[in-house]
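Chains, contacts and geometry: an overview
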Amino acid sequence: MDASVQHDQATIPDGDKLSSVMQTIAEHKGCGTSGGSGKASCGSGAGENDLPPEIWEKVKNHPCYSEEAHHHYARMHVAVAPACNIQCNYCNRKYDCANESRPGVVSEKLSPEQAAKKVLAVASTIPQMTVLGIAGPGDPLANPEKTFKTFELIARTAPDIKLCLSTNGLALPDHVDTIAGFNVDHVTITINMVDPEIGAKIYPWVFWKHKRYTGVEAAKLLTDRQLQGLEMLTERGILCKVNSVMIPGVNDKHLVEVNKAVKSRGAFLHNIMPLISSPEHGTVFGLTGQRGPTAQELKALQDECEGEMNMMRHCRQCRADAVGLLGEDRSAEFTTDKIMAMEVNYDIDSRKAYQEAVESERVAKVVARQEELASLAGQSSDIKLLVAVATKGSGLINEHFGHAKEFQVYELSTAGAKFVGHRRVDLYCQGGYGDEDSLETVIRAINDCHAVFVAKIGGCPKSDLQAAGIEPVDQFAHEFIEKSAIAWFKSYLDKVNSGEIQHVVRGDAEIRQGALTSAA
Amino acid sequence: MTLKIIASQCTSCSACEPECPNVAISEKNGTFVIDPKKCTECIGHFDEPQCAAVCPVDNTCVIDNSFPRYQPPA
Ligand code: SF4
Ligand code: SF4
Ligand code: SF4
């Protein structure tokens, strides 16, 4: 947990000082999105019309890949594979793998049998649950028996659940055929570099073929195996996402290179995540004071890579065993004890019915946005700004400002509303922040936004937000996000054009560095 | 001689267990332990002790000096 620290809003910490790394910071994550034009914004940014049909079919209900789907569908991860075959400087193996989850969080380790039962129990209770992932702590392919046993058990009882795994890639080429055999159609590879010199600064060693390799030799081995594995997967038609951790001063500029390398090998999506680093995580980077990027730095890199390929902006570096819609954690309902005592009745039909209802809701949302967008037509302006939205899901502005654990951030321009990321604000006021006002932390997290859309907001926070230059907007309560945002933007432009208000550019915001440790 | 695992440092990640050529490593009460009767320091199998090479925590799988040096059978 973030002991004791924080610093001023939008400060860019000096990368070399221990004290300055201890940050607060809101989480801004990236998942690319539609180029903002009126497409059905599917995660990656691609909508139905941009993707080959077989890929759209695979992506459409995947909350990690489809930005739109993640409002409606849920994924869960189970931790069955604690061993790892490499060492990353951003990882402390006492905790979860930083690749897919937040450092500083410990997942419950499960046997394949326990994991399968948990998945079925959750899927029967939460019909949105459509994706099962195996990620950290550890590397699923350093534990192939446990990983594939879990898949086998689930595929048998719940063939409608999509399987995915994330790996550091070292062992990937050896397992591609097994992966294909299990019908695992989503694989995430964490690739932080394609240059071994840079890799040597990120990976102290790898363990391969009974030997520990270090330095540049280790990084060379890793990058070769990662890229080979990626090629082998895409050749077999298996959907591949690449995750990269943005480490300022180490691989930040280099990630543009990585983006090209993975794109040319058929990766379908590239997710750039900020380094989350703080000394109390006990990681090498945490201890050396390596800082993570600010929200603006991250967005700039994501924007730079976006022209190249689909970027993913809704990834929240979720906990490996989080249960529920992305961003909402229900794992406390499903502890091992509770699950083992549960009678699980897997009902495929009611799941289907639920999912059909969701489909029609999604269509309605897209139509609403198209209509609103049409009314923007003809307007031209260079103004581009960010707004934050409090939502519980379903693509609606349906969360109270004071209850919001995170805000979704949209970029508005005459091209429409484009989803660009999340800011986590939960637990800000817990441990470490002492009596600091939690409202201040929220403001810091969305400091780069012009407005915040909420279902409801109290009088006090309202005036504080206004004082900070962020307009609280509650007149669109329970309406569709994008439609409302476009409508608001239209009136904003009108006011600017009539001289009633002046458009000012806002500052940077902070990415939260603390681990989300409170949700059990 | 054999290797031992410093229990206070072991993360229980289980990485070492399947690497041991002599099946000397097992889980006991939440951490992993090496059976000194089975460990051969990997001599005759690999160039370096596998448990130490794969272990994420430095100096956790270490030589246990309280045992005599392992003698490979002639
Ligand atoms: S791959 Fe994951 S578990 Fe392994 S060292 Fe890296 S971050 Fe840690
Ligand atoms: S040194 Fe080799 S034989 Fe001994 S416990 Fe470790 S892996 Fe097994
Ligand atoms: S590899 Fe090291 S940390 Fe992991 S279980 Fe073995 S001794 Fe413990």
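Small disclaimer: the values here were computed from a predicted structure and weren't measured.

Structural notes on the overall build of chain A
When you go through chain A residue by residue, the secondary structure sums to 15 helices and 15 strands. By residue count, 62% of the 520 residues in chain A fall in the buried class. Roughly 18200 Å² of accessible area belongs to chain A as shown, and the carbon and sulfur atoms make up 51% of that amount.

Some details on the overall build of chain B
Secondary structure summary: chain B contains 1 helix and 4 strands in total. Listed N to C, the secondary structure of chain B is β-β-β-α-β in terms of helices and strands. Counting only C-alpha atoms, chain B reaches 35 × 25 × 20 Å along its principal axes. Considering chain B as a whole, with its 74 residues, one finds that 41% of them fall into the buried category. If you take every contact in chain B between residues at least 6 apart in sequence, the share linking residues at least 24 apart comes to 65%. Surface summary for chain B: the accessible area is close to 4100 Å², and the carbon and sulfur share equals 52%. Both charge centroids of chain B, one from 5 positive and one from 9 negative side chains, sit 10 Å from each other.

Let's talk about the nonpolar core
Residue and element names in this part refer to chain A. Among the nonpolar cores identified, the biggest contains 55 residues, and Val78, Leu132, Phe151, Ile179, Val187 and Leu233 are the most heavily contacted of them. For this core, the element with the most residues is helix α3 (residues 112-125), which contributes 6 residues. Contact partners of Phe151, with chain neighbours within four places excluded, come to Leu132, Ile134, Leu163, Cys164, Leu165, Phe182 and Val184. Leu376, Phe453, Ile481 and Leu493 belong to the second-largest nonpolar core, a separate cluster that totals 23 residues.

Considerations on the pairing of strand β2 (residues 25-28) of chain B
All names here are of chain B. Pairing between β2 and strand β3 (residues 31-34): 4 bridges, direction antiparallel. Residue Ile25 lies in a different strand from β3, and its bridge partner there is Ile34. Taking the residues that link successive antiparallel strands as the turn, the β2-β3 hairpin has 2 residues, and the phi of Asn29 there is positive, at about 50°.

Considerations on the layout of surface pockets
Residue and element names in this part refer to chain A. When its volume is computed, the largest pocket comes out at roughly 500 Å³. Among the elements of the structure, α4 (144-157), α5 (172-181) and β6 (205-208) are those that each provide at least two residues to the lining of the largest pocket. Top element by residues in the lining of the largest pocket is α4. It accounts for 3 residues. Residue composition of the lining of the largest pocket, grouped by class: 12 nonpolar, 5 polar and 7 charged.

Here's the deal with the confidence of the model for chain A
Residue and element names in this part refer to chain A. Per-residue pLDDT for chain A has a mean of 74; in total, 72% of the residues score no lower than 70. Element-level mean pLDDT values for chain A span from 26 in helix α1 (residues 18-21) up to 96 in helix α6 (residues 196-199). The low-confidence segment residues 314-322 (pLDDT under 50) makes 68 contacts with residues lying over four places distant or belonging to another chain.

Re the site of ligand 2
Of all residues adjacent to ligand 2, which total 13 residues, the nearest are Cys20, Asn22, Cys39, Cys42 and Cys51 of chain B. Within the shell around ligand 2, the residues separate by chemical class into 9 nonpolar, 3 polar and 1 charged.

A short note on the pattern of salt bridges
Residue and element names in this part refer to chain A. Using the criterion set out here, one finds 11 salt bridges over all chains in the structure. Between Arg265 and Glu231 there is a salt bridge, with the nearest N and O atoms lying 2.9 Å from each other. Placement of Arg265 in the loop between α8 (255-264) and β9 (269-274) and of Glu231 in helix α7 (residues 215-235) is noted, with a sequence separation of 34 residues between them. Taking relative accessible area as the criterion, Arg265 reaches 24% and is therefore assigned partly exposed. With relative accessibility at 35%, the residue Glu231 sits in the partly exposed group. A salt bridge links Glu411 to Lys384; its shortest N-O distance comes to 4.0 Å. With Glu411 in strand β12 (residues 406-413) and Lys384 in the loop between α12 (348-376) and β11 (385-389), this residue pair connects regions lying 27 residues apart in the sequence. When salt bridges with common partners are traced through the structure, they connect Lys299, Asp303, Lys384 and Glu411 into a single cluster.

Examining the packing of α12 of chain A against helix α15 (residues 481-497) of chain A
All names here are of chain A. Orientation of α12 relative to α15, taken along the N-to-C sense of each, is 15°, at an axis distance of 8 Å. Between α12 and α15, the interaxial angle falls into the category roughly parallel. Crossing angle aside, the handedness with which α12 passes α15 is left-handed. Here α12 contributes Lys365, Ala368, Arg369, Glu372, Leu373, Ser375 and Leu376 to the contact with α15, which in turn contributes Glu482, Lys483, Ile486, Ala487 and Lys490. The residue inventory of the contact of α12 with α15, partitioned by class, reads 5 nonpolar, 1 polar and 6 charged.

Brief notes about the packing of aromatic side chains
Residues and elements named next belong to chain A. One pass over the structure, following the stated rule, counts 7 aromatic pairs over all chains. Seen from their ring centres, Phe148 and Phe151 are 6.4 Å apart, and the 55° between their planes marks the pair as tilted. Placement of both Phe148 and Phe151 in helix α4 is noted, with a separation of 3 residues, approximately one turn of the helix. Taking relative accessible area as the criterion, Phe151 reaches 0% and is therefore assigned buried. Within the aromatic cluster, the residues linked to one another by ring pairs are Phe453, Phe476, Trp488 and Tyr492. Sitting over the face of the ring of Tyr213, Lys211 holds its NZ or CZ atom 5.1 Å from the ring centroid.

Brief notes about the side chain of Ser12 of chain B
Within the element layout of this structure, Ser12 of chain B appears in the loop between β1 (2-5) and β2. With sequence-adjacent residues up to four places away left out, Ser12 of chain B is seen in contact with Lys109 of chain A together with Gly30, Thr31 and Phe32 of chain B.

Regarding helix α10 (residues 295-306) of chain A
Residues and elements named next belong to chain A. End to end, α10 covers 16 Å across 12 residues, agreeing with the expected 16 Å (1.5 Å per residue, within 8%). Every buried residue of α10 is listed here: Ala295, Leu298, Lys299, Leu301, Gln302, Cys305 and Glu306. One face of α10 carries all of its buried residues, which in axial projection span an arc of 160°. Structurally, α10 contributes buried residues whose contacts are with β8 (239-246), α8, β9, β11, β12 and β13 (416-424).

Observations concerning the sheet that holds strand β7 (residues 211-214) of chain A
Residues and elements named next belong to chain A. With antiparallel pairing, 3 strands are arranged side by side in an open sheet as β2-β6-β7. With one partner strand each, in any of the chains shown, β2 (86-87) and β7 form the two edges of the open sheet. Of the strand pairs in this sheet, β6 and β7 are connected by 4 bridges, and their pairing is antiparallel. Opposite Phe207, over in β7, you have Arg212 as the bridge partner.

Topic: the side chain of Asp252 of chain A
Residues and elements named next belong to chain A. Mapped onto the secondary structure, Asp252 falls in the loop between β8 and α8. Buried and without a salt bridge, Asp252 has Lys253 as its closest oppositely charged side chain, separated by 4.4 Å. Excluding its chain neighbours within four sequence positions, the residues that come into contact with Asp252 are Met246, Ile247 and Leu301.

Digging into unusual backbone geometry
Residues and elements named next belong to chain B. Positioned with a positive phi, Glu41 is a non-glycine residue whose angle comes to about 60°. Residue position: Glu41 is located in the loop between β3 and α1 (50-54). For Cys42, which is not glycine, the phi dihedral falls at a positive 70°. Here Cys42 is to be found in the loop between β3 and α1. Look at Cys42 and you get buried, because its relative accessible area is 7%.

Definitions and cut-offs
- Residues numbered from 1 in each chain as written.
- Chains lettered and ligands numbered in written order.
- Predicted model: local features only at pLDDT ≥ 70, side-chain atom pairs only at ≥ 80, totals over all residues.
- Heavy atoms only, no water.
- Helix = DSSP H or I, 4+ residues; strand = E, 2+ residues; numbered from the N terminus.
- Buried < 20%, exposed > 50% of the residue type's maximum accessible area, 1.4 Å probe, protein only.
- Areas by Shrake-Rupley, 256 points an atom, 1.4 Å probe, with all protein chains shown as cover.
- Contact = heavy atoms within 4.5 Å.
- Lys, Arg positive; Asp, Glu negative; His and termini not counted.
- Charge placed at Lys NZ, Arg CZ, Asp CG, Glu CD.
- Core = buried A, V, L, I, M, F, W, Y, C linked by side-chain atoms within 4.5 Å.
- Pairing = 2+ DSSP bridges.
- 1 Å grid on protein atoms, 1.4 Å probe; cavity = no way out; pocket = protein on both sides within 12 Å on 5 of 7 lines; lining within 4 Å.
- Points joined across faces, edges and corners; volume = space filled by probe spheres on them.
- Nonpolar A, V, L, I, M, F, W, Y, C, P; charged D, E, K, R; others polar.
- pLDDT = per-residue confidence, 0-100.
- Near = heavy atom within 4 Å.
- Salt bridge = Lys/Arg side-chain N within 4 Å of Asp/Glu carboxyl O.
- Axes fitted to C-alpha atoms, helices over the stretch in contact; angles between N-to-C directions.
- Parallel < 35°, antiparallel > 145°, perpendicular 65-115°, else oblique.
- Left-handed = near helix turned anticlockwise from the far one by under 90°.
- Phe/Tyr/Trp six-rings, centres within 6.5 Å; stacked < 30°, edge-to-face > 60°.
- Lys NZ or Arg CZ within 6 Å of the ring centre and 35° of its normal.
- Expected span 1.5 Å × (residues − 1).
- Arc of directions from axis to C-beta.

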